[in-house]
Amino acid sequence: MSALTTIFNFLYVYLRCFACYIFGGRLDVNYFSNLEQIEFVRNIIKTASGGIYENGLSFPGQPILLLVLGIFALGSIIGLVRRLMK
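What counts and how
Residues numbered from 1 in each chain as written. Predicted model: local features only at pLDDT ≥ 70, side-chain atom pairs only at ≥ 80, totals over all residues. Heavy atoms only, no water. Helix = DSSP H or I, 4+ residues; strand = E, 2+ residues; numbered from the N terminus. Rg over C-alpha atoms; globule rule 2.2 N^0.38 Å. Contact = heavy atoms within 4.5 Å. Areas by Shrake-Rupley, 256 points an atom, 1.4 Å probe, with all protein chains shown as cover. Lys, Arg positive; Asp, Glu negative; His and termini not counted. Charge placed at Lys NZ, Arg CZ, Asp CG, Glu CD. Axes fitted to C-alpha atoms, helices over the stretch in contact; angles between N-to-C directions. Parallel < 35°, antiparallel > 145°, perpendicular 65-115°, else oblique. Nonpolar A, V, L, I, M, F, W, Y, C, P; charged D, E, K, R; others polar. Expected span 1.5 Å × (residues − 1). Buried < 20%, exposed > 50% of the residue type's maximum accessible area, 1.4 Å probe, protein only. Patch = residues over 30% accessible without salt bridge, like charges linked within 9 Å, V, L, I, M, F, W, Y side chains within 5 Å. Salt bridge = Lys/Arg side-chain N within 4 Å of Asp/Glu carboxyl O.

A. Molecular detail of the overall build of the chain. When its secondary structure is counted, the chain shows 3 helices and 2 strands. Along the chain, helices (α) and strands (β) appear in the sequence α-β-α-β-α when read from the amino end. For the chain, the C-alpha radius of gyration of 17 Å lies well beyond 12 Å, the compact-globule estimate for 86 residues. For the chain, the spread of C-alpha atoms along the principal axes amounts to about 50 × 35 × 20 Å. The contacts of the chain with a sequence gap of at least 6 include a subset with a gap of at least 24, amounting to 64%. In the form shown here, the chain has an accessible surface area of approximately 6,400 Å², with 67% of it arising from carbon and sulfur atoms. Averaged over its 7 positive side-chain charges, the chain has a centre that lies 20 Å from the centre of its 4 negative ones.

Here it is, written out as structure tokens:
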């Protein structure tokens, strides 16, 4: 596979893991179909669980993190609009 495909596969897996961490839910190897994505998600699960789990991990959800990210996103949008209006 090309390097660009590898980068996009990693970003896709990383964003799904991040969304699963924020909103809560189960991160499972069976949700991915590409072998490269499965390898990435297995490494992330092993790292997040300290080597205990390999095929799946459940997250309770972190709504306060979503609030903090939303505040920063809103502030950056307001700053961009102010700069574009000048």
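B. A look at the packing of helix α1 (residues 3-23) against helix α3 (residues 63-85). Taken N-terminus to C-terminus, the directions of α1 and α3 make an angle of 115 degrees; their axes are 7 Å apart at the nearest point. The pairing of α1 with α3 is recorded here as roughly perpendicular in orientation. Along its contact with α1, which presents Phe 18, Tyr 21, Ile 22 and Phe 23, the element α3 presents Pro 63, Leu 65, Leu 66 and Leu 69. Taken together, the residues of the contact of α1 with α3 break down into 8 nonpolar, no polar and no charged.

C. Representation of helix α2 (residues 35-49) within the structure. With 15 residues, α2 should reach 21 Å at 1.5 Å per residue; the first-to-last C-alpha distance of 21 Å fits that figure. What α2 keeps buried is the set Glu 36, Gln 37, Ile 38, Phe 40, Val 41, Ile 45 and Ser 49. Where α2 is buried, its residues contact α1, β1 (25-28) and β2 (56-59). After α2 finishes, the residue Gly 50 shows a positive phi value of roughly 75 degrees.

D. Up close: a nonpolar patch on the surface. Taken together, the side chains of Leu 4, Ile 7, Phe 8, Phe 10, Leu 11, Tyr 14 and Leu 15 make up a nonpolar region of the molecular surface, amounting to roughly 720 Å² of accessible area. Along the chain, the position of Phe 10 falls in helix α1. For Phe 10, a relative accessible area of 37% gives the class partly exposed.

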